[in-house]
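Tertiary structure, described
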Amino acid sequence: MKKWIFRLSVLSLVTFTFGAMAETCIPQSEMQEIARNFSQFEEYSHSDYCLDGSEISNLLDSLLFMRKTSFSNPMPPSADELFSGRFESDWYGYFTGRISKITIDRGCPKGVGAYVYGYFDQTMYVCTMMLTSDFTSLDRASVFMHEARHIDGFPHTTCHEGPREGIRGACDFQISDGGSYAVSVETYAQIAKYATEVHPALRAYSRAAAVTYSDEAFVHTPSIDRTKGLVVLDNSKQFFKVSKSGAGQMKVEALGFAPSLGRVVPRGQHLILFPTAADQPAGYIFPRGEGQISQQAGELARRFNQLSSEERAHVADSHIGAQWMAQINSKGLELFCERASDRSEVLPLPAGKVALGFLYLQGYDRGSHEVVISFADGSLAKAGCNPSFGPFVEEMNQSFSTPLKRAYKVDGTVWGIDQQGQIYEVQNNQLVPFQSKDLNFSVEIAPYEAFDFFDSL
Ligand SMILES: [Zn+2]
C-alpha cells in the first residue's frame, strides 16, 4: 500500500519563541497521566520530572502545555474566517485520540518540523529542530494538533501562487475544509484571543502566527477583517500608530516601547528588531508594549546575533521573504535564494554607492521575488531571487531627490522616511513631508495591521 506522508512545512514561516525554559518540574501525577496515553514515557513517571531543556523535556513540556493551557469560556468564533472554535474543547483529548506514540527523527530535511504517515499509523514523528529552544511549547502544541488532524485524513496540496508558490504540500485548499493548516490557524488564534494565563508577548506572537498561516497556507486565502496601518518608532523608543481618520486627516496614536532602537524588519505579520546598539540581540518586537520573548527570530536574526559588534554595524538592512532572504552587509548584497539550504550568494552593489535600506514601494509582499534597494545618492536598484535566472541586482531609472532609508506602501499610500527622521508621503515619486505634533524624531517605520477579531472588545 502506498504510504502518504504529511509533513508540516515550517520553512521560512516562523515559530521560534519562548525559549526561557521555566525552572519547573512536572508533578508525578501529571507524568502518570501522560504515561497513561504515551507508554513510552512510563520510565519518567515514577517521580516528578524536572525540565532540563533536553529534547525529551521539551516534548513533555509541550504535552503539558496541551493539557494545562486554560481558555476563557465561552470562546465566540470570529465574524470572519480566522477562528471557528471547532477544536476548542479539549486539545489534549483530541491529540491523544489520534496519536499514541511520538518518535524523534534525527534525519529530517531542512524545514520539516514533524510528520505522520496517516490513517493506519498513530505515530507522530518530531524532527529534532522542533525540539530545540528555538520553538516554544506553544509552537509545538500547534504543530502536534496539526499533525493529529492528518490522522483524520486531510492531505495537503501545492500552492500555485502566493508566498508558498510551488512548494509541495505547503497549502490546504481552503480554511473552511478544516484541514491541518486550519488547525494551525485555529490553535494560534485561540491562544492569542482566549488563553487566560499565557504571557502577553507570547499571545502577540501567536496572533501574528495565526494570521501569517492564514495568509500563506491556503490556495483560497481566508478573508480576515483587518485594517492596514503603519507604525513609527521614535528616538525615545516609543511606537506610534499612524492611520487615516477620514476626510484626509491623519491620526497618531501612542503605543508601547521597543527594547532598543534599530531597523524593524517584517516577517509575515511578525516584526523583528535589528538593534543599532551592537550589544543588543535581534529579536521579535511587539509595538503595543506586550513585552519580549527570548528566542531567535529566524535565520537572519540568528546570523546577526552571531556577528561581532563591528560586523553588526555593517548590516544595513534585511529582507525576509517566504522563500528567500536578503541582507545588505559589509560584503555587499547577500542573497539566500535556496529555500531548503543555508547557501547564500554575495552580489556586489553598484560601485561607489552606499546602501541605506530596502524600500517596499509596492507594499511588503512575502511572495514577491524582488525588493528595492535605496542608496545614499537617492538612486534605486532592484534585487532579489528570480525563479528563472537566480540572484540579481539591477539599477533602476527611478530615483528620489531626498534619499529614503525605508518606504512602505500601506493601503494605497506610500510612506517613506529619510536618514534625518523626516517622514514623507510619496506621491508620484514626489516626497511630501508629513508633520505631526505627536511625533518627535522618528527613526523607523513598519507596516502593522489591526484585526477585528483580536482588537475588538
Ligand atoms: Zn501537515
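Everything quoted here is computed from the prediction, not taken from an experiment. (Residues numbered from 1 in each chain as written. Predicted model: local features only at pLDDT ≥ 70, side-chain atom pairs only at ≥ 80, totals over all residues. Heavy atoms only, no water.)

**Describing empty space enclosed by the protein**
Under the definition given, this model contains 2 cavities of 30 Å³ or more. Taken as a whole, the largest cavity encloses approximately 130 Å³ of empty space. Along the lines of polarity and charge, the residues of the lining of the largest cavity split into 8 nonpolar, 2 polar and 3 charged. Residue contributions to the lining of the largest cavity reach at least three from each of two domains, namely domain 1 (6-220) and domain 2 (228-455). (1 Å grid on protein atoms, 1.4 Å probe; cavity = no way out; pocket = protein on both sides within 12 Å on 5 of 7 lines; lining within 4 Å. Points joined across faces, edges and corners; volume = space filled by probe spheres on them. Nonpolar A, V, L, I, M, F, W, Y, C, P; charged D, E, K, R; others polar. Domains from an automatic or database assignment.)

**A short note on the environment of alanine 195**
Relative to the assigned elements, alanine 195 resides in the loop between helix H5 (180-194) and helix H6 (200-216). When the C-alpha positions of alanine 195 and glutamine 32 are compared, they lie 25 Å apart, and in sequence the two are 163 residues distant. Ignoring anything within four residues of it in the chain, the contact list for alanine 195 reads Thr69, Ser70, Phe71, Gln190 and Arg203. (Helix = DSSP H or I, 4+ residues; strand = E, 2+ residues; numbered from the N terminus. Contact = heavy atoms within 4.5 Å.)

**Some words on the state of the cysteines**
Per the counting criterion, the structure on display carries 4 disulfides. At a sulfur-sulfur separation of 1.9 Å, the disulfide partner of cysteine 25 is cysteine 50. An S-S torsion of about 95° defines the bridge between cysteine 25 and cysteine 50 as right-handed. Of this pair, cysteine 25 sits in strand E2 (residues 25-26) while cysteine 50 is found in strand E3 (residues 49-50), placing the two residues 25 residues apart along the sequence. Residue pairing for cysteine 108: its cysteine sulfur links by disulfide to cysteine 127, the two sulfurs lying 2.0 Å apart. Because the sign of the S-S torsion sets the handedness, a value of about -85° for the bond joining cysteine 108 and cysteine 127 places this disulfide among the left-handed ones. Separated by 19 residues along the polypeptide, cysteine 108 in the loop between strand E4 (101-105) and strand E5 (112-116) and cysteine 127 in strand E6 (residues 123-127) bring together distant segments of the chain. Overall, the relative accessible area of 1% leaves cysteine 127 in the buried class. (Disulfide = S-S within 2.5 Å. Buried < 20%, exposed > 50% of the residue type's maximum accessible area, 1.4 Å probe, protein only.)

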